[in-house]
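Chain and residue survey
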Amino acid sequence: MAGRLSLPEVDLTCPVCCDIFKEPVVLKCSHSFCAACLQQYWARQGRRRDCPLCRTLSVDDPVPSLTLRNLCEACVTEDEGQTAGDAEGGLYCDPEVTCPLHGERLKLFCLLDKEPICVVCHTSRRHKQHDCCPVSEAVADVKDKMQSALSSLKDKRDAFETMKKSLESTAVHIQEQARFVERRTHEEFEKLHNFLLAQEESRMEELRGEEEQKSRGVRQQIQDVEEKLSSVSETIRVLEEEMALEGLSVLHKSKSTLARATHPVEDPVMASGSLINVAKYVDSLAFQVWKRMQMLIKFYPITLDPNTAAPWLVLSDDLTSVQDSDVKRKLPDNPERFDPDAAVLGWPGLSVGRHAWEVDVGDNTAWVIGVAKASVKRKEKLPSVLNNGYLCVYFYHKMYFAGTSPLTRLALKTNPQRIRVELDCDKGRVLFHDPHSNTHIHTFKHSLTETVFPYLWVGCRNNPLTIRPVEVSLKLHQFS
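How each quantity is defined
- Numbering of residues starts from 1 in every chain and runs along the sequence as written.
- Reporting of local features is limited, given that this is a predicted model, to residues whose pLDDT is at least 70; pairs of side-chain atoms are given and counted only at 80 or more, and all residues count toward the totals for whole chains, interfaces and linings.
- With hydrogens and water stripped out, all remaining heavy atoms of the structure feed into the side-chain values.
- Nonpolar core, defined: a set of buried Ala, Val, Leu, Ile, Met, Phe, Trp, Tyr and Cys residues in which side-chain atoms within 4.5 Å join the residues together.
- A simple rule labels every residue: compare its accessible area, found with a 1.4 Å probe on the protein chains alone, to the largest value its type can have, and call it buried under 20%, exposed over 50%, or partly exposed in between.
- Residue contacts are counted whenever heavy atoms from the two residues lie within 4.5 Å of one another.
- Here the aromatic set is Phe, Tyr and Trp, taking the six-membered ring for Trp, and pairing holds for ring centres within 6.5 Å; pairs whose planes are under 30 degrees apart are stacked, those over 60 apart are edge-to-face, and all others are tilted.
- Under the DSSP-based scheme used, a helix requires at least four consecutive residues in state H or I and a strand at least two consecutive residues in state E, with every element numbered from the N terminus.
- Note: two strands are recorded as paired if DSSP finds a minimum of 2 bridges between them.
- All axes are obtained by fitting lines to C-alpha atoms, using only the stretch in contact for helices, and the reported angles, taken between N-to-C directions, cover 0 to 180 degrees.
- Roughly parallel here means an angle under 35 degrees, roughly antiparallel means over 145, roughly perpendicular means 65 to 115, and every remaining angle is called oblique.
- A crossing counts as left-handed when the near helix is turned anticlockwise from the far one by less than a right angle, and as right-handed when that turn is clockwise.
- Each residue is assigned to one class: nonpolar for Ala, Val, Leu, Ile, Met, Phe, Trp, Tyr, Cys and Pro, charged for Asp, Glu, Lys and Arg, and polar for all the others, Gly among them.
- The start and end points of each domain follow an automatic or database-based domain assignment.
- In the sections that follow, a salt bridge refers to a side-chain nitrogen of Lys or Arg positioned within 4 Å of a carboxyl oxygen of Asp or Glu.

Let us now look at the nonpolar core. The biggest cluster of nonpolar side chains holds 51 residues, and the ones touching the most others in it are Val322, Trp367 and Tyr455. For tryptophan 367, the residues in contact, after removing those within four places along its chain, are Val361, Val393, Tyr394, Phe395, Tyr400, Ile419, Trp457 and Leu465. Counting residues in hydrophobic clusters, the runner-up holds 18 residues, among them Tyr41, Cys51, Cys72 and Cys75.

Written as structure tokens, this is what we have:
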């Protein structure tokens, strides 16, 4: 019924039972209640007689309110006529809004049992002494909670939608990365293929040249032997003819014939070095090609990791050079990436042993070089060299500093064009020096309990920072 009350009828409702006043009484504080409801409330309070609304102590007995009773009776009579009209029209009361035990409307909500109850249930043993509130207040509270839950779920939905878009972009980026790696791999292997083909062709050309030379020499020897063979054969024929003669004719011709026959003729001997030097061509063929390949292949002690590079940085295709730019690329915001700090890490991570690498800084006017722990924060704009987890030196505003706390100003006589970093993970040492002038710059002594990565920060758009390749030499172990 209370859900259908007009504004005047609300003023005729008992605040305890939430129904039209029955035998209304008024207290000295001017609040009105049903006489029975007030007595039941006071019975639960023991000796304390206070107003259920304002808690004002009431010393005098409640006074019946005749005017309020007449208004309530008139309202009840009107409601009964309306109810009869509803019944005649075939309307009925929804059983879900009535108490299944007492048939009364569910106008109260038990806060302890979390269920709607009627006025009779409120005075029953099951719900006695339980805090209750009007159903309308409970509905309002529930709607507030539902609104809060709805807002939270909408935020979650927005977060999931944002993550979905990010993951979709990541999927596209993964494909782009795969195509990049394919292209770079094809390019590198094409260089190797071309080198090997050139080496093969060079050796084949050398072989063909030697084959022609040796074949020409043997042909010349054959020609010489044929000439000598012809001469000897002719001498043999003459001797055989003269030996067939008789008498003095033999003596007349024998002198010249014998002189020709007894003329010394060298025995035929094959000249040394007539054959192709097969051993020269086959000897450790792959190793010999590998040695020559050193002129083509470059080894870099570290490679820049594009998955950590800030979106503003531009890396070279071989991942050995980094430069700042004014364009922020659309890249996945993966946990490993620095953003907004314009930094990039090197690969691989280092945790044991000694390592060294050199970085060409050239005329770059803003840079930071060193190592960073794996646990450094990458999603905050922080002065990296001052933040815990970085062991670096940096150049800014034409001054050199070591990232200690407080800062250490470095007094360098010349501007280094290259910085060499030497890392000793076992001893916890990071040393910086200028390899051109062999000048020591700074040394950090810090216990390294986790993996560290080479770290580069660049704030100059005109000149890149470039990792230098190192020379590789082959050493043969001889038998002792």
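After presenting the structure, the write-up continues.
Time to look at the packing of aromatic side chains. Applying the stated criterion across every chain, the model contains eight aromatic pairs. With 5.9 Å between their ring centres and 70° between their planes, phenylalanine 338 and tyrosine 455 make a pair best called edge-to-face. With phenylalanine 338 in the loop between β9 (321-323) and β10 (343-347) and tyrosine 455 in strand β19 (residues 452-458), the pair connects residues that are 117 residues apart, well separated along the chain. Taking the relative accessible area as the measure of exposure, phenylalanine 338 reaches 0% and is therefore buried. Measuring from ring centre to ring centre gives 6.0 Å for phenylalanine 432 and phenylalanine 444, while their planes differ by 80°; the resulting arrangement is edge-to-face.

On to the sheet that holds strand β17 (residues 429-434), then. Within the open sheet, the seven strands sit side by side as β8-β9-β20-β11-β16-β17-β18. Their pairing is antiparallel. The open sheet has two edge strands with one neighbour each: β8 (314-315) and β18 (439-445). Across seven bridges, the pairing between strand β11 (residues 354-360) and strand β16 (residues 418-424) is antiparallel. The residue bridging histidine 355 from the neighbouring strand is leucine 423, located in β16.

If you want to describe how two helices pack, look at the angle between their axes and the distance between the axes. At a closest axis distance of 11 Å, the pairing of helix α5 (residues 135-243) and helix α8 (residues 285-293) adopts a crossing angle of 120°. Viewed along their axes, α5 and α8 adopt a mutual orientation that is oblique. Regarding α5 and α8, the two cross each other, and that crossing is right-handed. Between α5, through Leu192, Phe195, Leu196, Gln199 and Arg203, and α8, the contact on the second element is made entirely by Leu285, Gln288, Val289, Arg292 and Met293. Here the contact of α5 with α8 is built from residues that sort into six nonpolar, two polar and two charged.

Domain parsing of the protein chain yields domain 1 (24-64), domain 2 (177-295) and domain 3 (303-468). For domain 2 versus domain 3, the separation of C-alpha centres amounts to 63 Å.

With an omega of 20°, the peptide bond between aspartate 339 and proline 340 qualifies as cis. Tracing the chain through its elements places proline 340 in the loop between β9 and β10. The phi torsion at lysine 114 lies on the positive side, around 55°, for a residue other than glycine. Among the structural elements, lysine 114 can be located in the loop between β4 (108-110) and β5 (115-117). Look at lysine 114 and you get exposed, because its relative accessible area is 57%.

The tally for this structure, following the rule as stated, stands at 25 salt bridges. Lysine 280 is paired through a salt bridge with glutamate 210; the nearest N and O atoms lie 3.5 Å apart. Within this pair, whereas lysine 280 is found in helix α7 (residues 278-282), its partner glutamate 210 is found in helix α5, the two being separated by 70 residues in sequence. Taking the shortest distance from any N to any O, the salt bridge between arginine 216 and glutamate 212 comes out at 3.6 Å. In this pair, arginine 216 and glutamate 212 both sit in helix α5, four residues apart, roughly one turn of the helix. Taking relative accessible area as the criterion, arginine 216 reaches 45% and is therefore assigned partly exposed. When salt bridges that share partners are traced, they join Arg183, Arg184, Glu187, Glu188, Lys191 and Asp317 into one network.

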